[in-house]
Amino acid sequence: MLVRDLPNESRLRLDSSTVVVSVTGTFRSLTATRTLLGSQEVFRFKGVISTIFGFLARLAIRKAHRRHIEAFKT
């Protein structure tokens, strides 16, 4: 029998000159073979132009994140 010892939470923070991205992933064991992954992302854009770009790119950012989560599932 294989036993998984997952962390409860993982955090990642990326800081660049135009944006700060904080990602928090939470893992919850559902059964011996299934795990629920929860993910929260916070984007903070620096400056007026970056903030406008972030507002306009919101949909694309969400779609890309959804693709990454689906890839993680498989």
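Every chain's residues receive numbers from 1 upward, in the order its sequence appears when written. Given that the model is predicted, a residue must reach a pLDDT of at least 70 before its local features are reported, and side-chain atom pairs must reach 80 or more before they are shown or counted; all residues, however, enter totals for whole chains, interfaces and linings. The side-chain values count all of the structure's non-hydrogen atoms but skip hydrogen atoms and water molecules.

## Points about helix H1 (residues 48-73)
And step 1. Secondary structure elements are defined from DSSP: runs of H or I of at least 4 residues count as helices, runs of E of at least 2 residues count as strands, and each element is numbered from the N terminus. Here the expected span of a helix is defined as 1.5 Å times the quantity of residues minus one. Its 26 residues place the ends of H1 36 Å apart at the C-alpha level, agreeing with the 38 Å of an ideal helix rising 1.5 Å per residue.
And step 2. Bending is quantified residue by residue as the angle between axes fitted to the seven-residue window ending at that residue and the seven-residue window starting at it. Of all bends in H1, the biggest is about 55°, found at Ala57.
And step 3. Of all the positions in H1, only Ser50, Gly54, Ala57, Ala64 and Ile69 are classed as buried.
And step 4. If you follow the buried residues of H1, they end up packed against strand E3 (35-45). Remark: exposure states derive from per-residue accessible area (1.4 Å probe, protein chains only) relative to the maximum for the residue type, with buried under 20%, exposed over 50%, and partly exposed in between. Whether two residues are in contact is decided by their heavy atoms: any pair within 4.5 Å suffices.

## Re the confidence of the model for the protein chain
And step 1. Per-residue confidence from the predictor is reported as pLDDT, a score between 0 and 100. Averaged over all residues, the pLDDT of the protein chain equals 84, while 92% of them reach at least 70.
And step 2. Between the elements of the protein chain, mean pLDDT differs from a low of 86, seen in H1, to a high of 90, seen in strand E1 (residues 9-15).

## A few points about the side chain of Ser22
And step 1. Mapped onto the elements, Ser22 comes out in strand E2 (residues 19-29).
And step 2. There is a polar contact of 3.4 Å between the side chain of Ser22 and the side chain of Arg44.
And step 3. Among all residues touching Ser22, those that are not within four sequence positions of it are Leu12, Arg13, Gln40, Glu41, Val42 and Arg44. Side-chain atoms alone can form a polar contact between residues adjacent in sequence; in general such a contact is a pair of N or O atoms within 3.5 Å, and within protein one must be able to donate a hydrogen while the other accepts it.

## Observations concerning the pattern of salt bridges
And step 1. By definition, a salt bridge exists where a carboxyl oxygen of Asp or Glu is found within 4 Å of a side-chain nitrogen of Lys or Arg. Within this structure, the stated rule accounts for 3 salt bridges.
And step 2. Among the salt bridges present, the one from Glu9 reaches Arg11, with a minimum N-O distance of 2.7 Å.
And step 3. Where Glu70 meets Arg66, a salt bridge forms, and the shortest distance between an N and an O atom there is 3.5 Å. Taken as a pair, Glu70 and Arg66 lie in helix H1 at a separation of 4 residues, close to a single helical turn.
And step 4. What makes Glu70 partly exposed here is its relative accessible area of 35%.

## Focus: the pairing of E3
And step 1. With 11 bridges joining them, E2 and E3 adopt antiparallel strand pairing. What sits directly across from Ser29, in E3, is Thr35.
And step 2. Think of it this way: DSSP has to see at least two bridges between two strands before they count as a pair. Where E2 hands over to E3, the hairpin turn is made up of 5 residues, counted between the paired strands.

## Here's the deal with a nonpolar patch on the surface
And step 1. Residues Val48, Ile52, Phe55 and Leu56 make up a contiguous nonpolar surface patch of about 460 Å² in total accessible area.
And step 2. Here Val48 shows up in helix H1.
And step 3. Residue classification places Val48 among the exposed positions, given a relative accessible area of 63%. Patches were defined on residues exceeding 30% relative accessible area and lacking a salt bridge, with like-charge contacts within 9 Å and nonpolar side-chain contacts (Val, Leu, Ile, Met, Phe, Trp, Tyr) within 5 Å. Working definition of accessibility: Shrake-Rupley area with a 1.4 Å probe, residue cover restricted to the visible protein chains.

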